[in-house]
Amino acid sequence: MQSRAGDMRDSGRSDEIIALQSAESGMQLGRALLHALHNAGISVLYQDREMKTVWARNMRPPWISDTVVSDTGVSDTGDGNGILPLAQAERIGAAKRKVVASGNPEHLELSIPAEDGVRWFQIWIDADHDDGGAVQGVVTTMVETTEQKRREQTLKTLLREVSHRSKNLLAIIQSIATQTSRYSDTLSDFLTRFRGRLQSLASSQDLVTSSNWRGAALRELVSGQVGRYGADPVRSLRFRGANPYLNPNAALHIGLAMHELAVNSVSYGALSRADGFVEVTADLTAASAGETALSLTWAEAIGANDNQPSEKRFGSVALERVVPASLNGTAKLEISGDRLEYHLVVPRSNFETD
């Protein structure tokens, strides 16, 4: 009998230990879930059928006021009434009543005005059923998705920008192909010139892309185009003056102009000689209506033996017509005696100086 009583006492203590361990485990789980809710920015609200708050966890504005809260830590309705815009609060309340009536879950997406723009939330409303299947309350889960929305909007904007830039680039390529074919005598001549111009565009495009489509610095653009033809820019290029930041369209077209001048110089001008060099000067000058314009000059000395082609070719057409027209500017190419100069003036809309 004593042994049996002892066994019962031992069994009772074991049950108590198991119960205590189970309670401790439940408390640990509860604390872990609270940490998870807080870290994930998830708010959870439980209300009875009459929309009275029973409990709430991790509630934040706009679901509670910064200064006025009830004893439960949330507004009496839990809808943010008086905190949210009235239309949004009514929408949430209607969804909860629908869940109580039907027992089926509801899902909402809300946009709420804020000081720094708009905040976005995903809201899930689920029915809490008793053992008999009757709805005894509703569980509302609220997750802020503002950053996700902003990323989506930024991505859409970037995709539209990429599409726009791609169409512009294709239009430039089409124009170059058409003009190059007009001034090429053979297919081989066309392919050589067209390939060089595409590579020039690619070089300028690399600068634009690396700046997240902002554009390219003028000095880096000019140096890159001159350096593509084996010339050492440190020796063969003397750049002076301002270094404005060109927008993408200006970078592509001014890059094309620098390409044409560099090719001509390597073939017929200063860069065809070991000791030759070119001078590029960039000045910011006053234009009409008080705006600032960029005045860009390419100058080089051409020797008596430098055989400049006299007929009009695409290079001069691009320099004097295509490039300035694309930038709403003006240009002039002058070859006189032993000097070649190219002057390009473009308005402020093509660059920035900050």
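All values derive from a computational prediction rather than experimental measurement.

## Things to note about the overall build of the chain
Scanning the chain for helices and strands turns up 8 helices and 13 strands. Split into buried and exposed, the 354 residues of the chain put 38% on the buried side. In the chain, 56% of the contacts between residues at least 6 apart in sequence involve partners at least 24 apart. Total accessible area computed for the chain in this model is approximately 20000 Å², and 52% of it derives from carbon and sulfur atoms.

## Examining the environment of Gly133
Take Gly133: it is sitting in the loop between strand S4 (117-129) and strand S5 (135-144). Along the chain, Gly133 and Gly103 lie 30 residues apart, while their C-alpha atoms are 9.0 Å from each other.

## Details of the packing of helix H3 (residues 146-182) against helix H4 (residues 187-210)
Contact pair H3 / H4: the axes reach a minimum separation of 10 Å and the direction vectors enclose 155°. Taken together, the axes of H3 and H4 are roughly antiparallel relative to one another. The hand of the H3/H4 crossing is right-handed. Each of Leu169, Ile172, Ile173, Ile176, Ala177, Thr180 and Ser181 in H3 lies in contact with H4, whose residues at this interface are Phe190, Arg193, Phe194, Arg197, Leu198, Leu201 and Gln205.

## Focus: the packing of aromatic side chains
Between two aromatic rings, the relevant description is the distance of the centres plus the angle of the planes. Taken as a whole and judged by the stated rule, the model has 3 aromatic pairs. With a centroid separation of 5.8 Å and 10° between ring planes, the pair formed by Tyr46 and Trp55 is classed as stacked. Seen in terms of ring centroids, Trp63 and Phe121 are 5.1 Å apart; in terms of plane orientation they differ by 75°. Their pairing is edge-to-face. One end of the pair, Trp63, is in the loop between strand S2 (53-57) and helix H2 (86-102); the other, Phe121, is in strand S4, with 58 residues separating them in the sequence. Of the two residues, Trp63 and Phe121, both sit in the buried class. It is Lys149 that lies over the ring of Trp120; its NZ or CZ is 4.5 Å from the centre.

## Considerations on the sheet that holds strand S6 (residues 216-217)
As summarised here, the arrangement of the 3 strands in space is S6-S8-S13, forming an open sheet in which the pairing is antiparallel. Among the strands making up the open sheet, the edge pair consists of S6 and strand S13 (351-352). In this structure, strand S8 (residues 245-246) lies alongside S13, joined through 2 bridges in antiparallel fashion. The residue bridging Tyr245 from the neighbouring strand is Glu352, located in S13.

## Some words on the pairing of S5
With 7 of 10 residues buried, S5 lies mostly within the body of the structure. Pairing geometry for strand S1 (residues 42-48) and S5, over 7 bridges, is antiparallel. By the bridge assignment, Leu45 is partnered in S5 with Thr140. With 9 bridges connecting them, S4 and S5 associate as antiparallel partners. In the strand pairing of S5, Asp128 is matched with Gly137.

About the thresholds
Residues numbered from 1 in each chain as written. Predicted model: local features only at pLDDT ≥ 70, side-chain atom pairs only at ≥ 80, totals over all residues. Heavy atoms only, no water. Helix = DSSP H or I, 4+ residues; strand = E, 2+ residues; numbered from the N terminus. Buried < 20%, exposed > 50% of the residue type's maximum accessible area, 1.4 Å probe, protein only. Contact = heavy atoms within 4.5 Å. Areas by Shrake-Rupley, 256 points an atom, 1.4 Å probe, with all protein chains shown as cover. Axes fitted to C-alpha atoms, helices over the stretch in contact; angles between N-to-C directions. Parallel < 35°, antiparallel > 145°, perpendicular 65-115°, else oblique. Left-handed = near helix turned anticlockwise from the far one by under 90°. Phe/Tyr/Trp six-rings, centres within 6.5 Å; stacked < 30°, edge-to-face > 60°. Lys NZ or Arg CZ within 6 Å of the ring centre and 35° of its normal. Pairing = 2+ DSSP bridges.

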